[in-house]
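Observations on the three-dimensional arrangement
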Amino acid sequence: MNYQEARLYLDELSKYGSVLGLESMRELLKRLGDPQRDLKFIHIAGTNGKGSVLAYLSTVLTQAGYRTGRYLSPHLSSVRERFQVDGQLISREDFVRHLTAAAAVAEEMAAAGMAHPTYFEVGTAVALLYFRERKCDIVVLETGLGGTLDATNVVDTTVLEVITSISRDHMDYLGDTLEKIAGEKAGIIKPDTVVVSAPQEPEAAGVLAEVCRARRCSLHTVDSEQVIPVSCQLEEQSFDYKEWKQVKVGLAGTCQLKNAAVALESILALRKLGFQITDEQVYAGMRRTVWKGRFTPIAREPVVILDGAHNEGGARELRNSLELYFSGKKLYYIFGMLKDKEYQKVIDLTAPLAHHIITIETPDNPRAMSAQELQAVVAAVNPAVEAAGSIREAVQRACQMAGRDDVIVIFGSLSFLSGAEQCVLEEVARG
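Below you will find a few notes about this structure. What you see is a predicted model, and the numbers here were worked out from it, not measured in a lab.

Side note on the nonpolar core
It is characteristic of soluble globular proteins that their nonpolar side chains tend to be buried jointly. Grouped together as the largest cluster of nonpolar side chains are 43 residues, with contacts concentrated most on Ile42, Ile277 and Met286. Ranked by the residues each element gives to this core, the list is headed by helix H9 (residues 255-272), at 10 residues. Beyond its immediate chain neighbours, meaning those up to four positions away, Met286 contacts Tyr56, Val60, Val247, Lys248, Val249, Ala260, Ala263 and Leu264. With 41 residues, the next largest nonpolar core counts Leu28, Leu29, Tyr119 and Phe120 among its residues.

Structure representation (structure tokens):
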């Protein structure tokens, strides 16, 4: 395979959907020599904040001199974003080589009458092969869906599990209550390990505490009262947490101080486990962390924000951030959602703040709501809404309507943010 063929092969695996269960993943890795057995992991599960916490932690660990793998999903622009070592994307050559190996085994399994491994399972195998080859000291591993039966949960050499904020999402797969969802997320917790958790709703917190007791794990929960904001600017925020004072982060959004505190609590746990990480390395790593698509400003005059809010928790944080940074400003939305998401709750939380809303259909996704369907639902909350035929049309329309002092917010699904960013940059270049 060449790079284009490798990408097409992986994309074609999407037809197998998302399959919860570990049997196929274990067989795939066994036939590939169980690369996960030669690695150590920080495993992250949760509903919101997984990617941000992964970015903070992996950047600090790299700053501290550890060769750090990071496996994340979904990607924004390139599939190679999912596979990184010390913040550098996998090369095209390495991607093709490891995917070719994983694909050969996947086809062998299918020929033998087994279930064909999915997109996420093959991608996870590529990541583990790559990280083993690069001799990573530690891998920061983000779950895809849930925890217990997520493909990443084949790993059993975790040194730390991190549970970010838990809210209602993927309820068709994970359960219809916060307790059930928390139970699935807690499935990554291995016996006799260390667990760090974000502050949780009482129902979720109770489940995590019980799982940790049953599995003899020490549980460290972020103390939200010790997360003290110092300054909250769009370009940079700073805060105090425990012994750390004026920690600077370049990520905007009200959720980021909590996510950063989860990373700091994790660093305290890693130090107790023997990791050598100085305060200077922590400050530098937190300041240098980059994570696009999470309340990310990409243009000025007007300000354009990209955000991946697609569930109730994410929408609440988006609303809080808009009220913090842009109180009194006219807000123009470009908004797309998938049918299986809690679109009504997202709309109820965010639509009342908007001066005008443009709905779009998330491209190339059979689960996408049409722009017209979404427009009809939004109209019941905010009648200042129209449907656009494409992302490009929506961006052009928003740029025509918004003044230099207004704000355009593009959100609802991570999958279209890269295309939207490209359209915005082209509009900016045209002046």
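Some details on the sheet that holds strand S3 (residues 83-85)
Pairing in this open sheet of 8 strands is mixed, and the strands run S4-S3-S2-S5-S1-S6-S7-S8 from one edge to the other. The sheet is open, and its two borders are formed by strand S4 (88-89) and strand S8 (218-221), each paired with just one other strand. Against the sheet, helix H8 (residues 202-214) makes contact with strand S6 (158-163), strand S7 (194-197) and S8, and its axis sits at roughly 155 degrees relative to S8, the strand it touches most.

Quick notes on the side chain of Gln84
Position of Gln84 relative to the elements: it lies in strand S3. Residue class for Gln84 comes out buried when judged on its relative accessible area of 7%. Here the side chain of Gln84 touches Glu81 through a polar contact of 2.8 Å, landing on its backbone oxygen. Residues within four places of Gln84 in sequence aside, it is in contact with Thr68, Gly69, Arg70, Leu72, Leu89 and Phe131.

Focus on the packing of helix H4 (residues 92-111) against helix H5 (residues 119-133)
Each pair of packed helices can be described by the angle between their axes along with the distance between the axes. Orientation of H4 relative to H5, taken along the N-to-C sense of each, is 125 degrees, at an axis distance of 9 Å. The orientation of H4 with respect to H5, classified from their angle, is oblique. In this structure, the crossing between H4 and H5 has a hand that is right-handed. Residues Asp94, Arg97, His98, Leu99, Ala102 and Ala106 of H4 touch H5, and the partners they reach there are Val122, Ala125, Val126, Leu129, Tyr130 and Glu133. A breakdown of the residues in the contact of H4 with H5 according to their chemical character gives 8 nonpolar, 1 polar and 3 charged.

Digging into the sheet that holds strand S9 (residues 227-232)
Strands sit in the order S9-S10-S11 across an open sheet of 3 strands; the sheet is antiparallel. Every other strand in the sheet has two partners, leaving S9 and strand S11 (244-249) as the edge strands with one partner each. The sheet shows a mean angle of 25 degrees between the axes of neighbouring strands, direction not considered. Inspection of the sheet shows S9 paired to strand S10 (residues 237-241) by 5 bridges, in the antiparallel sense. Across the sheet, the residue bridging to Ser231 is Ser238, located in S10. Across the sheet, H9 touches S9, S10 and S11, and the angle it forms with S10 is around 45 degrees.

Things to note about the packing of helix H2 (residues 23-31) against H4
At a minimum axis distance of 10 Å, the contact between H2 and H4 shows a crossing angle of 125 degrees. Classified by the angle between their axes, H2 and H4 sit oblique to one another. For the element pair H2 and H4, the recorded crossing hand is right-handed. Of H4, the residues touching H2 (which contributes Ser24, Glu27, Leu28 and Arg31) are Ala102, Val105, Ala106, Glu108 and Met109.

Description of the environment of Leu268
Note on placement: Leu268 falls in helix H9. Once the C-alpha coordinates of Leu268 and Leu338 are considered, the two residues, 70 residues apart in sequence, prove to be 38 Å apart. Those residues in contact with Leu268 that lie beyond four places of it in its chain are Lys242, Glu243 and Trp244.

Side note on the pairing of strand S17 (residues 407-411)
For S17, the tally of buried residues reaches 5 of 5 residues, placing the bulk of the element in the interior. The side-chain alternation of S17 yields two buried faces, one formed by Val407, Val409 and Phe411 and the other by Ile408 and Ile410. Where strand S13 (residues 303-307) lies against S17, 5 bridges are found, and the strand directions are parallel. Paired with Val303 across the bridge in S17 is Val407.

Thresholds applied
Residues numbered from 1 in each chain as written. Predicted model: local features only at pLDDT ≥ 70, side-chain atom pairs only at ≥ 80, totals over all residues. Heavy atoms only, no water. Core = buried A, V, L, I, M, F, W, Y, C linked by side-chain atoms within 4.5 Å. Buried < 20%, exposed > 50% of the residue type's maximum accessible area, 1.4 Å probe, protein only. Helix = DSSP H or I, 4+ residues; strand = E, 2+ residues; numbered from the N terminus. Contact = heavy atoms within 4.5 Å. Pairing = 2+ DSSP bridges. Axes fitted to C-alpha atoms, helices over the stretch in contact; angles between N-to-C directions. Polar contact = N/O pair within 3.5 Å; in protein donor to acceptor, adjacent residues only side chain to side chain. Parallel < 35°, antiparallel > 145°, perpendicular 65-115°, else oblique. Left-handed = near helix turned anticlockwise from the far one by under 90°. Nonpolar A, V, L, I, M, F, W, Y, C, P; charged D, E, K, R; others polar.

Any link to function would need more than the numbers given here.
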